[in-house]
Amino acid sequence: MTNRLSLSAILLFLFFSASSAQHNVRTERISGSAGDVLEDNPVGKLKVYVYELPSKYNKKLLQKDPRCLTHMFAAEIFMHRFLLSSPVRTLNPDEADWFCSPIYPTCDLTPTGLPLPFKSPRMMRSAIQLISSNWPYWNKTEGADHFFVVPHDFGACFHYQEEKAIERGILPLLKRATLVQTFGQRNHVCLDQGSITIPPFAPPQKMHAHLIPPDVPRSIFVYFRGLFYDVNNDPEGGYYARGARAAVWENFKNNPLFDISTDHPTTYYEDMQRSIFCLCPLGWAPWSPRLVEAVVFGCIPVIIADDIVLPFADAIPWEEIGVFVAEKDVPELDTILTSIPTEVILRKQRLLANPSMKQAMLFPQPAQPGDAFHQILNGLARKLPHDGSVYLKAGEKVLNWTAGPVGDLKPW
Amino acid sequence: MKLLSAFRSSYLNRRGTTFRSLDPSSFDGGFIPKPSPSSIFWLAIHCLCCLISLILGFRFSHLVLFFLFSTSVTNLYTTTAGVSQLLKLKPLEKANVTAKSSRVVVGRHGIRIRPWPHPNPIEVMRAHQLLERVQKEQKSLYGVRSPRAVIAVTPTYVRTFQALHLTGVMHSLMLVPYDVVWIVVEAGGKTNETASFVGKSRLKTVHVGFDQKMPNTWEDRRRVESKMRIQGLRIVREEKLDGIVVFADDSNMHSMELFDEIQNVRWFGALSVGILAHSGNADELSSVLKMNQEGKPIQGPSCDSSGKLVGWHVFNTQPYATKTAVYVDDKAAVMPSKMEWSGFVLNSRLLWKEPVDDRPTWVKDVDNLLDGNEEIEDGPLSMVKDPSMVETLGSCGRNVLLWWLRVEARADSKFPPGWIIKSPLEITVPSKRTPWPDSSSKLPVVTKEAKYNQPATEKRSGKAKRIKEQEQ
């Protein structure tokens, strides 16, 4: 009697576990080095105070050029807007944990739409001078509990050319603040230790408008669309993308498994959804919106950028989701990709299918739980409480207000 | 000289600042007016390097200087086996000195190209296996949950166009990713012709003969085909086959999406059939199309905006009123019947003798029909008590999943049995460029009549003689 009872209990348990396992086969939970934090709710964990800066730092720039809302650097504008109506915002600066300064330094666009960073350091400097003179909170910590969104190519180094950016280094006044930036490369001057890396802005409605049913079979092995040689700025090759993109082209242009080319078809998003691997090589900067697109469309990203730091690296275990290929191994890319075991590929696809993963890469309007805005707040919350040493005694000064190239010291 | 020096200076300029530190001092500077021996020597070296570079295809001079003057060994990219040295090699710029030491250097890098940049066949095979596995996983996750077998019922008979039609159906069924049972009912008894197709298909098949011969008028043919389909359904009942019954007429063309869509049927479903009523006469077709502008050549369910079945779309036979074919080989357009069988699919459990638990009440009891006591008049809808309950497939008939076409040869057309030519052909026509010497370059117009009308004209006789020769 007891035998039969235990047997039936075992069978019941197996049945339930099997059925529940079947349910979960589609996706897998994602937990990075900081734990299972993708779905955390930041409300209640931190308070953010948003400075009221004159509109010449934000609204006027946007009015002059509304293209700032759609290019890949639009995160700074949308973060400001999100914070204005978010429950973490507090109107009492004394109880705030973090301070947000709404400045749009990348909103100075050329006629073709590329941002010019030449005036950005001066704009930042003048804004910080304003903040430090009108409110006492900057001087308390010299900016250690302030954060700035700097989504430009090399973050707060404010230049698009890597050598010049390295020369400049991070703006001296921002040395103690937390930077929220898209650029991330290990052991690089322009990535501070405590920075939060975020994905570049990609328009979510545009991507969701091109979704195809998930049962359309994935028939492209490797997919890439973009430049291999930047003939305007680097005609000889070897400079752009450290020669990695050119190497991809030269080695695999004859390979039918690689659907790579420079033309931009109208079915670009649909084709990504029909591919297993999407290449995300570096360009002039190591990050690109291709990563966001690959994650949203369930295509395993193949990241070819040495030492890159990917968005929300502590919340998302990128090694388990993407494939990292060193730039020196690019000629062996086909061997590398075909030698990945099938189970690993299926697991990566399951992780990518997790909706919280896709949500974490997007900046939807209006904000939705689990999206990139919330991940930024979660990241800021994880840095709390502030270490006691950041609070300076009255009159103590750490930052050098006259450091940096002479051109930066001019008022804006 | 001027040209050469200009070339040299432009060459230096292109390399830019990177090369200045490694340049031997004798390379910089500009134009030396008098040809001193050292300058001639360097000029000769330069020309030699240029020639070698031309042959080899990369900047040889760079390589030489690099090996001579470079100090850092890390620039040699002889990494893993199979990657040879670079074709475009330039010395690296050192990054600006910072406190952090980064592995990644800014500046010009070589473009690594392996010696044989072509796909490895074993890797291609592996990639295809990966693709297949991923697609299988996709199908299991997002496709049909528990796929049911497809039971295809095909009435057929031996005639010239049977090979064409049956091959099409056979190939479509062979591609179906589910289990298939193919029931072939043959009018006039089983023959080897049909058996060869059925055997080639490598599917589970049931091949039965039907005692009547196929009549020659379309009207009668439709009636006999209905009876043959009922015979097929009888077989489903006897063998207790489990699956979805599809009426795959041998001259129809089925899309693969049809078989995926019918997996959604519960008991009795209807889908849209594209009707290609074509007489083969181009002028007639264009005039008919002009008349038929408003109507669409579709037969299938029609829904209102809320998706409820409200009626049936039938093919408009009005424009063809005077010109329809009566006999199977008439040159006029062939009309479909009011409701083609191929537009309906049913769950085989409806046909079983034993009562199935949740058999719907809106389907008639088919036992009477299958036992031969009833005659089926208007097509498969008469099997249903309440036609409005029929399930619609293909987003309520908006997707046309198969096409109806009736093409047959003349009644007296003969074809080689099994389509194997055993006896020599009666008529041979030499091709335009034939290796045999005694045929003219012009293609002679040879018809059956020419064989009998021998000495009609001079020309003709020549040809006829030739024909006779070839015959012998």
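Keep in mind it's a predicted model, so treat the numbers as computed, not measured. Position numbers for residues count from 1 along each chain, tracking the sequence in the order it is written. Ligands are numbered from 1 and chains lettered from A, in the order in which they are written. Local features in a predicted model are, by the rule used here, given only for residues with pLDDT of at least 70; side-chain atom pairs are given and counted only at 80 or more, and totals for whole chains, interfaces and linings are based on all residues. Values reported for side chains reflect all heavy atoms of the structure, with hydrogen atoms and water molecules removed beforehand.

Chemist: What's the story with the overall build of chain B in this structure? I'm lost.
Modeler: Secondary structure counts use DSSP, requiring at least four H or I residues in a row for a helix and at least two E residues in a row for a strand, with both numbered from the N terminus. A tally of helices and strands in chain B yields 13 helices and twelve strands. Here chain B holds 472 residues, and 41% of them are scored as buried. Within chain B, counting contacts between residues at least 6 apart in sequence, those at least 24 apart form 69% of the total. Of the accessible surface of chain B, which amounts to about 27400 Å², a share of 57% is contributed by carbon and sulfur atoms. Throughout this description, buried means an accessible area under 20% of the type-specific maximum (1.4 Å probe, protein chains only), exposed means over 50%, and partly exposed covers the range between. Residues are treated as being in contact if the distance between any of their heavy atoms lies within 4.5 Å. Note on areas: Shrake-Rupley with a 1.4 Å probe; residue coverage comes only from the protein chains shown.

Chemist: What's the story with the pairing of strand β8 (residues 275-281) of chain A in this structure? I'm lost.
Modeler: Remark: a regular strand shows side chains that alternate across the two faces of the sheet. All names here are of chain A. The buried fraction of β8 is high, at seven of seven residues. At least two DSSP bridges between two strands are needed for those strands to be called paired. Where strand β6 (residues 220-225) and β8 come together, three bridges link them in parallel fashion. Across the sheet, the residue bridging to Ile220 is Ser275, located in β8. As paired elements, β8 and strand β9 (residues 300-304) share five bridges and run parallel to each other. Across the sheet, the residue bridging to Phe277 is Ile300, located in β9.

Chemist: Explain the pattern of salt bridges here, please?
Modeler: A side chain of one charge can pair with a side chain of the opposite charge if their charged atoms are brought near each other. Here a salt bridge means any side-chain nitrogen of Lys or Arg lying within 4 Å of a carboxyl oxygen belonging to Asp or Glu. Under the criterion given, the structure shown has 29 salt bridges over all chains. For Arg350 of chain A, the salt bridge goes to Glu28 of chain A, with nearest N and O atoms at 3.4 Å. Taken together, the residues Arg350 of chain A in helix α13 (residues 342-353) and Glu28 of chain A in the loop between α1 (2-24) and β1 (48-50) connect sequence positions 322 residues apart. Its salt-bridge partner being Lys328 of chain A, residue Asp329 of chain A comes within 3.6 Å of it at the nearest N-O pair. Put simply, Arg159, Arg221, Glu225, Arg229, Asp249, Asp250, Arg406 and Glu408 of chain B are held in one network by salt bridges that share partners.

Chemist: So what exactly am I meant to see when it comes to helix α3 (residues 75-84) of chain A here?
Modeler: Think of an α-helix as 3.6 residues a turn; residues three or four steps apart then line up on the same face. All names here are of chain A. Here α3 lies mainly inside the structure; eight of its ten residues are buried. Among all positions of α3, only Ala75, Glu76, Ile77, Phe78, Met79, His80, Phe82 and Leu83 are buried. Of the surrounding elements, those touching the buried residues of α3 are β1, α2 (59-64), β2 (98-100), β3 (146-150) and α15 (372-382).

Chemist: In this structure, what is going on with the pairing of β6 of chain A? I would like to understand it.
Modeler: Residues and elements named next belong to chain A. Summarising burial for β6: six of the six residues are buried, a large majority. Both β6 and strand β7 (residues 258-261) contribute to a ladder of four bridges, which runs parallel. The residue bridging Arg225 from the neighbouring strand is Ser261, located in β7. Handedness of a crossover is defined as follows: with both strands directed away from the viewer, a clockwise route from the first strand across the helix to the second makes it right-handed. For the handedness criterion, the β-α-β arrangement of β6, helix α8 (residues 244-252) and β7 is classed as right-handed.

Chemist: Whenever I open this one, the nonpolar core confuses me. Can you help?
Modeler: Residues and elements named next belong to chain A. Within this scheme, the nonpolar core is defined by two criteria: the residues are buried Ala, Val, Leu, Ile, Met, Phe, Trp, Tyr or Cys, and they are joined through side-chain atoms within 4.5 Å. Counting residues in each nonpolar core, the largest one holds 96 residues, and the members touching the most others are Leu83, Phe221 and Phe277. The greatest single-element share of this core, amounting to six residues, is contributed by α15. Residue-level mapping places this core at the junction of two domains, with at least three residues from each of domain 1 (42-201 + 371-409) and domain 2 (204-361). Once you skip the residues sitting within four places of it in the chain, Leu83 turns out to touch Val48, Val50, Val88, Arg89, Cys100, Phe147 and Leu377. Residue ranges assigned to each domain were obtained from an automatic or database domain assignment.

Chemist: Please clarify how the side chain of Thr141 of chain A should be interpreted in this entry.
Modeler: All names here are of chain A. Tracing the backbone through its elements, the reader meets Thr141 in helix α5 (residues 137-141). On the basis of relative accessible area, Thr141 is assigned to the buried category, the value being 0%. Discounting residues that sit within four places of it in the chain, Thr141 has contacts with His146, Arg176, Val390, Tyr391 and Leu392.

Chemist: I keep staring at the packing of helix α5 (residues 162-175) of chain B against helix α6 (residues 192-200) of chain B and nothing clicks. Help me out?
Modeler: Two quantities define a packed helix pair, namely the angle between the helix axes and the distance between the axes. Residue and element names in this part refer to chain B. Here, axes are lines fitted to C-alpha atoms. For helices the fit covers the stretch in contact, and angles between N-to-C directions go from 0 to 180 degrees. The geometry of α5 relative to α6 is characterised by a closest axis approach of 10 Å and an angle of 20° between their N-to-C directions. Comparing the axis directions of α5 and α6 gives the class roughly parallel. Read as a crossing pair, α5 and α6 show a hand that is right-handed. Taken together, the residues of α6 that come into contact with α5 (itself represented by Gln162, Ala163, Leu166, Thr167, Met170 and Met174) are Glu193, Thr194, Phe197 and Lys200. Only Asp, Glu, Lys and Arg are considered charged, only Ala, Val, Leu, Ile, Met, Phe, Trp, Tyr, Cys and Pro nonpolar, and every remaining residue, Gly among them, polar. Split by residue class, the contact of α5 with α6 holds five nonpolar, three polar and two charged. We call two directions roughly parallel when the angle between them is under 35 degrees, roughly antiparallel when it is over 145, roughly perpendicular when it lies between 65 and 115, and oblique otherwise. For any pair of crossing helices, the crossing counts as left-handed if the nearer helix is rotated counterclockwise from the farther one by less than a right angle, and right-handed if it is rotated clockwise.

Chemist: What am I meant to see in the interface of chain A and chain B here?
Modeler: Interfaces are often sized by the accessible area lost when the parts come together. On the side of chain B, 42 residues touch chain A, which itself brings 55 residues to the contact. Arg108 of chain B is the partner of Glu236 of chain A in a salt bridge, and the nearest nitrogen-oxygen pair spans 4.0 Å. Identification of polar contacts relies on pairs of N or O atoms within 3.5 Å, with a donor-acceptor requirement for protein atoms, meaning one able to donate a hydrogen and the other able to accept it, and with residues adjacent in sequence counted only if both atoms are side-chain atoms. Between chain A and chain B we count 14 residue pairs in polar contact (both at pLDDT 80 or more) in total. At the level of secondary structure, the elements contributing two or more residues to the side of chain A that touches chain B comprise α6 (162-168), β6, α8, α12 (333-338) and α13 of chain A. Class assignment for the residues of the side of chain A that touches chain B results in 24 nonpolar, 14 polar and 17 charged.

Chemist: When you look at a nonpolar patch on the surface in this model, what are you seeing that I'm missing?
Modeler: Residue and element names in this part refer to chain B. Residues Met253, Leu276, Trp403, Leu405 and Val407 make up a contiguous nonpolar surface patch of about 390 Å² in total accessible area. Here Met253 lies in strand β5 (residues 253-254). Residue classification places Met253 among the partly exposed residues on the basis of a relative accessible area of 44%. Patches were defined on residues exceeding 30% relative accessible area and lacking a salt bridge, with like-charge contacts within 9 Å and nonpolar side-chain contacts (Val, Leu, Ile, Met, Phe, Trp, Tyr) within 5 Å.

Chemist: In this structure, what is going on with the state of the cysteines? I would like to understand it.
Modeler: Any covalent bond linking the sulfur atoms of two cysteines counts as a disulfide. All names here are of chain A. Disulfides are defined as pairs of cysteine sulfur atoms found within 2.5 Å of each other. Evaluation of the coordinates by the stated rule reveals four disulfides over all chains. A disulfide bridge connects Cys157 with Cys190, and the sulfur atoms are separated by 1.9 Å. Since a negative S-S torsion denotes a left-handed disulfide, the Cys157-Cys190 link at about -120° is left-handed. Within this pair, whereas Cys157 is found in the loop between β3 and α6, its partner Cys190 is found in the loop between β4 (178-181) and β5 (196-197), the two being separated by 33 residues in sequence.

Chemist: What exactly am I supposed to notice about the sheet that holds β2 of chain A here?
Modeler: Within a sheet, each strand pairs with its neighbour through backbone hydrogen bonds, oriented either parallel or antiparallel. Residue and element names in this part refer to chain A. Spatially, five strands are ordered β1-β2-β3-β4-β5 in an open sheet, and the strand pairing comes out parallel. Bordering the open sheet on either side are β1 and β5, each of which pairs with just one other strand. Where β3 lies against β4, four bridges are found, and the strand directions are parallel. When the bridges of β4 are listed, Val149 appears paired with Val180.

Chemist: Please clarify how the side chain of Gln231 of chain B should be interpreted in this entry.
Modeler: All names here are of chain B. Inspection of the secondary structure puts Gln231 in helix α7 (residues 218-239). Side chain to side chain, Gln231 and Arg234 meet in a polar contact 2.7 Å long. What Gln231 contacts, discounting residues up to four positions off in sequence, is Val185 and Phe210.

Chemist: How do you make sense of α8 of chain A when you look at a structure like this?
Modeler: Residues and elements named next belong to chain A. Counting buried residues along α8, eight of its nine residues qualify, which places the element largely inside the surrounding structure. Inspection of α8 places Ala244, Arg245, Ala246, Ala247, Val248, Glu250, Asn251 and Phe252 among the buried residues, and these make up the whole buried set. Along its buried surface, α8 packs onto β6, β7, β8, α10 (290-296), β9 and α12.

Chemist: How should the packing of aromatic side chains be read in this particular structure?
Modeler: Geometry of an aromatic ring pair is reported as the spacing of the ring centres plus the angle between the planes. Residue and element names in this part refer to chain A. For this analysis, a ring pair means two rings from Phe, Tyr or Trp (six-membered ring only for Trp) whose centres lie within 6.5 Å, classed as stacked if their planes differ by under 30 degrees, edge-to-face if by over 60, and tilted for the remaining angles. All chains considered together, the criterion is met by 29 aromatic pairs over all chains. Taking the centre distance of 5.1 Å and the plane angle of 25° together, the rings of Phe99 and Tyr137 count as stacked. Of this pair, Phe99 sits in strand β2 while Tyr137 sits in helix α5, and the two are 38 residues apart along the sequence. Considered together, Phe99 and Tyr137 belong to a single accessibility category, that of buried residues. Ring centres of Phe221 and Phe277 lie 5.4 Å apart, and the angle between their planes is 80°; on these two criteria the pair is classed as edge-to-face. Taken together, the residues Phe221 in strand β6 and Phe277 in strand β8 connect sequence positions 56 residues apart. Residue Phe221 is classed as buried on the basis of its relative accessible area, which comes to 3%. Classification of Phe277 by relative accessible area gives buried; the value is 0%.

Chemist: Teacher, can you tell me more about the confidence of the model for chain A here?
Modeler: Per-residue confidence from the prediction method is given by pLDDT, with values spanning 0 to 100. With 95% of its residues at a pLDDT of 70 or more, chain A has an overall mean of 88. Within the model, pLDDT remains below 50 along residues 18-24 of chain A, and this stretch shows zero contacts once partners closer than five positions in the same chain are excluded.

Chemist: Please explain the packing of α13 of chain A against helix α4 (residues 121-142) of chain B as it appears in this structure.
Modeler: Remark: α13 of chain A packs on α4 of chain B, axes separated minimally by 10 Å, with the N-to-C direction vectors making an angle of 45°. With respect to α4 of chain B, the axis of α13 of chain A lies oblique. Every pair of crossing elements has a handedness; the one defined by α13 of chain A and α4 of chain B is right-handed. Judged by residue contacts, Thr342, Ile345, Leu346, Gln349 and Ala353 of chain A of α13 of chain A engage Arg126, Leu130, Arg133, Val134, Glu137 and Tyr142 of chain B from α4 of chain B. Of the residues assigned to the contact of α13 of chain A with α4 of chain B, the class counts are six nonpolar, two polar and three charged.

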